[in-house]
Amino acid sequence: MKILKGFLVTVITLVALIIVNMICNVNGINLNTIISGTTTAIVAMFIYEAITKKDRTKK
(Lines give C-alpha, C1' and ligand atoms only; values in the text may rest on other atoms or scores of the structure.)
Protein backbone atom coordinates (compact mmCIF):
# COMPACT_ATOMS: atom_id res chain seq x y z
CA MET A 1 0.00 0.00 0.00
CA LYS A 2 2.92 2.37 0.69
CA ILE A 3 4.18 1.92 -2.87
CA LEU A 4 0.81 2.95 -4.25
CA LYS A 5 0.72 6.03 -2.02
CA GLY A 6 4.24 6.96 -3.07
CA PHE A 7 3.33 6.53 -6.72
CA LEU A 8 0.22 8.70 -6.36
CA VAL A 9 2.12 11.46 -4.54
CA THR A 10 4.79 11.43 -7.25
CA VAL A 11 2.27 11.58 -10.08
CA ILE A 12 0.28 14.39 -8.46
CA THR A 13 3.35 16.51 -7.79
CA LEU A 14 4.69 15.96 -11.31
CA VAL A 15 1.34 16.95 -12.83
CA ALA A 16 1.34 20.08 -10.67
CA LEU A 17 4.88 20.88 -11.87
CA ILE A 18 3.84 20.40 -15.50
CA ILE A 19 0.86 22.73 -15.04
CA VAL A 20 3.03 25.40 -13.39
CA ASN A 21 5.63 25.10 -16.17
CA MET A 22 2.93 25.40 -18.86
CA ILE A 23 1.45 28.51 -17.24
CA CYS A 24 4.89 30.09 -16.86
CA ASN A 25 5.90 29.25 -20.43
CA VAL A 26 2.70 30.78 -21.82
CA ASN A 27 3.51 33.99 -19.93
CA GLY A 28 7.12 33.98 -21.12
CA ILE A 29 8.72 32.99 -17.82
CA ASN A 30 11.39 30.31 -18.00
CA LEU A 31 11.82 28.33 -14.79
CA ASN A 32 15.15 26.87 -13.75
CA THR A 33 14.65 23.13 -14.24
CA ILE A 34 17.20 22.10 -11.61
CA ILE A 35 15.61 24.18 -8.87
CA SER A 36 12.01 23.35 -9.80
CA GLY A 37 12.77 19.63 -10.11
CA THR A 38 14.56 19.53 -6.79
CA THR A 39 11.80 21.50 -5.08
CA THR A 40 9.18 19.15 -6.50
CA ALA A 41 11.05 16.10 -5.22
CA ILE A 42 11.40 17.59 -1.74
CA VAL A 43 7.71 18.52 -1.62
CA ALA A 44 6.77 15.00 -2.74
CA MET A 45 8.92 13.51 0.04
CA PHE A 46 7.32 15.77 2.66
CA ILE A 47 3.81 14.87 1.48
CA TYR A 48 4.66 11.16 1.46
CA GLU A 49 6.14 11.36 4.97
CA ALA A 50 3.04 13.17 6.22
CA ILE A 51 0.74 10.53 4.73
CA THR A 52 2.71 7.57 6.04
CA LYS A 53 3.25 9.17 9.46
CA LYS A 54 -0.50 9.50 9.87
CA ASP A 55 -0.88 5.80 9.02
CA ARG A 56 1.89 4.81 11.43
CA THR A 57 0.30 6.67 14.34
CA LYS A 58 -3.09 5.04 13.62
CA LYS A 59 -1.79 1.53 14.30
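For the structure itself, consult the block above.
Here we summarise the structure given alongside this text. The structure displayed is predicted, hence computed values, not measured ones. (Residues numbered from 1 in each chain as written. Predicted model: local features only at pLDDT ≥ 70, side-chain atom pairs only at ≥ 80, totals over all residues. Heavy atoms only, no water.)

### A word on the overall build of the chain
Across its full length, the chain carries 2 helices and 0 strands. Against the 2.2 N^0.38 benchmark of 10 Å for 59 residues, the chain shows a C-alpha radius of gyration of 14 Å, more extended than a compact globule. Seen through its C-alpha atoms, the chain measures out along the principal axes to roughly 50 × 15 × 15 Å. For the chain, the proportion of its 59 residues judged to be buried stands at 15%. (Helix = DSSP H or I, 4+ residues; strand = E, 2+ residues; numbered from the N terminus. Rg over C-alpha atoms; globule rule 2.2 N^0.38 Å. Buried < 20%, exposed > 50% of the residue type's maximum accessible area, 1.4 Å probe, protein only.)

### Focus: the environment of threonine 13
On the secondary structure map, threonine 13 appears in helix 1 (residues 2–26). Threonine 13 sits 22 residues away from isoleucine 35 along the chain, and the two C-alpha atoms are 14 Å apart. Excluding residues within four positions of it along the chain, threonine 13 makes contact with Thr40, Ala44 and Ile47. A polar contact of 3.0 Å, which involves the side chain of threonine 13, links it to the backbone oxygen of valine 9. (Contact = heavy atoms within 4.5 Å. Polar contact = N/O pair within 3.5 Å; in protein donor to acceptor, adjacent residues only side chain to side chain.)

### A few points about the environment of alanine 44
Turning to its location among the elements, alanine 44 is positioned in helix 2 (residues 33–58). Separated by 43 residues in sequence, alanine 44 and methionine 1 have C-alpha atoms that sit 17 Å apart. Those residues within four positions of alanine 44 in sequence are excluded, and the remaining contacts are Val9 and Thr13.

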